[in-house]
Amino acid sequence: MYNTNEDRTPTQPGDIYSGFAKISFDIYDGGKKSALLKKSEHEFKASGFETESTKKSLSLEIVEDFFNIKSFEAAFASREEAKKSLYEQLQRVMQFVIAKVATSDDVDRLQAAYDTNIYEMESLRFKIISLKKALELKVGKDIATLDDSKFKEFVRGELELTDNIKALIANRDALISSADSLSSIYSPQIKIEDTYSIYGYDRYDATHPKGLDNQNQLLLSLNMRLFDMGSVLKSKESILINSQALSTQLSYSKKEQTMFYELALEAIEIGRVKIKSAKSALVSAQSAFVTISKKYDAGIVDNIVYLDALTSQTEAKALYERALNDLEIAYASYYYYAGKNIEEFLR
């Protein structure tokens, strides 16, 4: 501090400058600082859990998009094979029509099936493109190709709370700590301070004497709120109501996690049964198509039977690949709702 007076007053020199050091210690604050510290710690934890929750949720979406793309690609490949078969038969029948051993309606049926197959292929192509664009947005990079990937051998583990639920717990605890900090306002606040000051003077004389060269001051203070019309109490009640709302949400979220966890387990068991059935259907459809193709080439069956057999084989192939990929998605859902990190179980 520096103070100068152009017109000096009695008992005070013209210039005074000083410096001081102060040590202050809160003897008792009703637990306010500790409550605020706990609040900050809980908020920090909640922020971390929310970040991890977002990452894991995004990982689940990425896995779902990946295996859905694989399913659509398999369906597209199956349609591609059907396209080749239909084209070959279409060319063959057209030659028969020219030779007048087949009628134009045989060509029309094959042409309709061929064009419908192309329509379905283009629909699948758009779905693949759309999902790839969505996947590129989520991973933040362009995707040229997708390598095959699967989950490691499934091992059932213990259910852990998801990061979303952990964040709710931390936010609730932060509110409770905030309410505790308000409660301390009604407690006595006891503080001790020690201040040591050094002074210097200029332009002083007998009529304007200088003061002390140094001074040490010890202060013990006690503050206590006696009346505030209950404003702090109402604020505390408001915070506690919010914490109770979070507790209700927390209870619901725990039940929801358990429900989706159990559904994921059911999806895994059902998925295994579906794969077994789809594989059996595929083997039967392929065998039937081979037999009917030979009969069709020999003129024993008509093109309606042939087209039914081809359609059954095409759909069976797509269905089998879909069943395989749906099981992988079920694994991802299980690990997510079990509170695990999905990436750790991928290979």
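Only a predicted model underlies this, so the values are computations on that prediction, with no experimental measurement involved.

Considerations on helix α2 (residues 104-139)
Its 36 residues place the ends of α2 52 Å apart at the C-alpha level, agreeing with the 52 Å of an ideal helix rising 1.5 Å per residue. When α2 is considered as a whole, its buried residues turn out to be V107, L110, Y114, N117, M121, L124, I128, L131, K132, L135 and E136. Residues of α2 that are buried in the fold lie against α1 (32-98), α4 (231-297) and α5 (303-337). Residue G140 follows α2 closely and has a positive phi angle near 75 degrees.

Structural notes on the packing of α1 against α4
Put simply, α1 and α4 touch, their axes get as near as 13 Å, and they point 10 degrees apart. In this view, α1 runs roughly parallel relative to α4, as classed from their interaxial angle. Residues S85, Q89, R92 and V93 of α1 form the contact with α4, whose participating residues are F289, Y296 and D297. Looking at side-chain class alone, the contact of α1 with α4 contains three nonpolar, two polar and two charged residues.

A look at empty space enclosed by the protein
Taken as a whole and judged by the stated rule, the model has one cavity of 30 Å³ or more. Roughly 60 Å³ of internal volume is contained in the largest cavity. What lines the largest cavity is S53, K56, T162, D163, N164, Y336, G339 and K340. Taken together, the elements giving at least two residues each to the lining of the largest cavity come down to α1 and α3 (163-183). Class assignment of the residues belonging to the lining of the largest cavity gives a composition of one nonpolar, four polar and three charged.

Rules of the game
The residue count restarts for each chain, going from 1 along the sequence in the order it is written. Note on the predicted model: pLDDT of at least 70 is required for a residue's local features to be given, and 80 or more for side-chain atom pairs to be given and counted; whole-chain, interface and lining totals, by contrast, use all residues. Excluding hydrogens and water, the side-chain values take into account all heavy atoms of the structure. In this text, helices come from DSSP runs of H or I with a minimum length of four residues, and strands from runs of E with a minimum of two, each type numbered from the N-terminal end. To estimate the expected span of a helix, count its residues, drop one, and scale the result by 1.5 Å. Type-normalised accessible area, obtained with a 1.4 Å probe on protein chains alone, sets the label of each residue: buried when under 20%, exposed when over 50%, and partly exposed for intermediate values. We call two residues in contact whenever any of their non-hydrogen atoms come within 4.5 Å of each other. Axes, fitted as lines to C-alpha atoms, cover a helix only where it is in contact. Angles between the N-to-C directions of the axes lie from 0 to 180 degrees. Under this scheme an angle from 65 to 115 degrees is roughly perpendicular, one under 35 degrees roughly parallel, and one over 145 degrees roughly antiparallel; angles in between are oblique. Side-chain classes follow a simple rule in which Ala, Val, Leu, Ile, Met, Phe, Trp, Tyr, Cys and Pro form the nonpolar group, Asp, Glu, Lys and Arg form the charged group, and the remainder, Gly included, forms the polar group. Cavity means a closed set of points on a 1 Å grid over the protein atoms alone, one where a 1.4 Å probe fits but cannot get out, pocket means an open set with protein on both sides within 12 Å along at least 5 of 7 lines, and lining means a residue has an atom within 4 Å of a point. Grid points are joined across faces, edges and corners, and a volume is the space filled by probe spheres set on the points.

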